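Inside the fold
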Amino acid sequence: MVFVLLATTGWTAVHRPEGGTPLRATALAAWAKARLHGRPVPPADAPVRTVARFFASLDGAERARLAEGYPLVVGNLDGVPVATRYEANLHGLEQAARVEDARSRDVTLTPADRALATRRAHRFASLADPGRQILAFDPTGGGRVAEVFGDLERARRVSVIVPGVDTDALTFERSQRRLTSPVGMAESLYAAERAAAPESRTAVIAWAGYTAPTGVGMDAATGRLAFDGAVRLKSLTVALPGGAEVALFCHSYGSVVCGVAARELPDRVTDVVVAGSPGMRASSVEGLHTTARVWATRDEGDWIADVPHLEVGGLGHGADPVSPDFGARLLSSARARSHTGYFAPGTDSVENFAKIGTGTFASIVCATGDDACRREIPGADQD
């Protein structure tokens, strides 16, 4: 019965395998043998504190040496200073672009593979443009990327975009339908935050740091990829520099990732916001076991409302986060226009997101038309 329901709402599309190159696997093997002045480097899976202590003991030249020599490890290693990660990922992107450019001219590959390599080479070159702050880059499979907008090291509040299906290195940014990509969402949110609180020190991260489902197929109907994504999301939030408070903005399947991660998130995550959610793999806010405020919104024309909000035998993601019984704070998303419009400028949704991201809660517009979603927030009536 559950399978039939999922099929009728488009959740059984065929999974498409990912392509890519094994650069990171090679880099990890080299890192495992690496030494600096005869001293072993921390394992790639070492705790954040261990990594942070090691890199704090290095001078600038030593950090740069590791960033250049092992970019696809250092650039993705939580606990490494932000500036060193930016530098490492620039090297990693340039390396990956060269490999893909060579593949694009390899006549032993199929025309489709050469065309894909050309697209990846162009994307990686674009991500390496001067001024971009790439916090994470892994070309494996479809690719994982994270980019920072603003000054992450000085920020007092950090917003993280957690996107949904069909997110990889190629779709991380788009020239057409820009606001359906993590970069477009993050740029729009950052601009809205600057407008909402010009003097605040904020940063926004476009985080495509997990392997997202391809299409609305069986991977999108289960939590398998969300559980891996939750581990990565927790690591990101723990490793962010300074003492900044963090708000997560979780779109579509990204809300499943946030729901799974919720109980393991550090206390610095003060707000979890879900938009167009198929469920958070919990029956209520209490079931998330988080100290963060949980907010939810859904546009009236969003097709996700037709997805069965249940979980049986691993299929489906549980209760509807915008249902009254779930207990989330319900935000207005007026003018959002369906499933992909929540970050569009001028919508209630992105303006509400910006107010949450900057901590200016008093002017948030609730879906109920009253102040219900703002109640019991300290200082909200003084913003």
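Only a predicted model underlies this, so the values are computations on that prediction, with no experimental measurement involved.

Section: helix H6 (residues 82–104)
Look at H6: 32 Å from first C-alpha to last across 23 residues, which is about the 33 Å you get at 1.5 Å a residue. Those residues of H6 not exposed but buried are Val-82, Thr-84, Arg-85, Tyr-86, Ala-88, Asn-89, Gly-92, Leu-93, Ala-96, Ala-97, Glu-100 and Ser-104. In this structure, the buried side of H6 is in contact with helix H2 (23–32), helix H4 (60–69), helix H5 (71–74), helix H7 (111–127), strand S3 (133–138) and strand S4 (144–150).

Side note on the pairing of S4
Counting buried residues along S4, 7 of its 7 residues qualify, which places the element largely inside the surrounding structure. In the sheet, S3 pairs with S4 via 5 bridges, with the strands oriented antiparallel. Its bridge partner being in S4, Ala-136 is matched across the sheet by Ala-146. As consecutive antiparallel partners, S3 and S4 are separated by 5 residues, and within that stretch Gly-141 has a phi angle of approximately 60°, a positive value. In this structure, S4 lies alongside strand S6 (residues 202–208), joined through 6 bridges in antiparallel fashion. Bridge pairing in S6 places Gly-150 opposite Ala-203.

Observations regarding the side chain of Thr-202
By the secondary structure assignment, Thr-202 is in strand S6. In terms of polar contacts, Thr-202 uses its side chain to reach the side chain of Glu-193, at 3.4 Å. Discounting chain neighbours no more than four positions away, the residues touching Thr-202 are Gly-150, Asp-151, Ala-155, Arg-157, Tyr-190, Glu-193, Arg-194, Gly-357 and Thr-358.

What counts, and where the lines are drawn
- Residues numbered from 1 in each chain as written.
- Predicted model: local features only at pLDDT ≥ 70, side-chain atom pairs only at ≥ 80, totals over all residues.
- Heavy atoms only, no water.
- Helix = DSSP H or I, 4+ residues; strand = E, 2+ residues; numbered from the N terminus.
- Expected span 1.5 Å × (residues − 1).
- Buried < 20%, exposed > 50% of the residue type's maximum accessible area, 1.4 Å probe, protein only.
- Contact = heavy atoms within 4.5 Å.
- Pairing = 2+ DSSP bridges.
- Polar contact = N/O pair within 3.5 Å; in protein donor to acceptor, adjacent residues only side chain to side chain.

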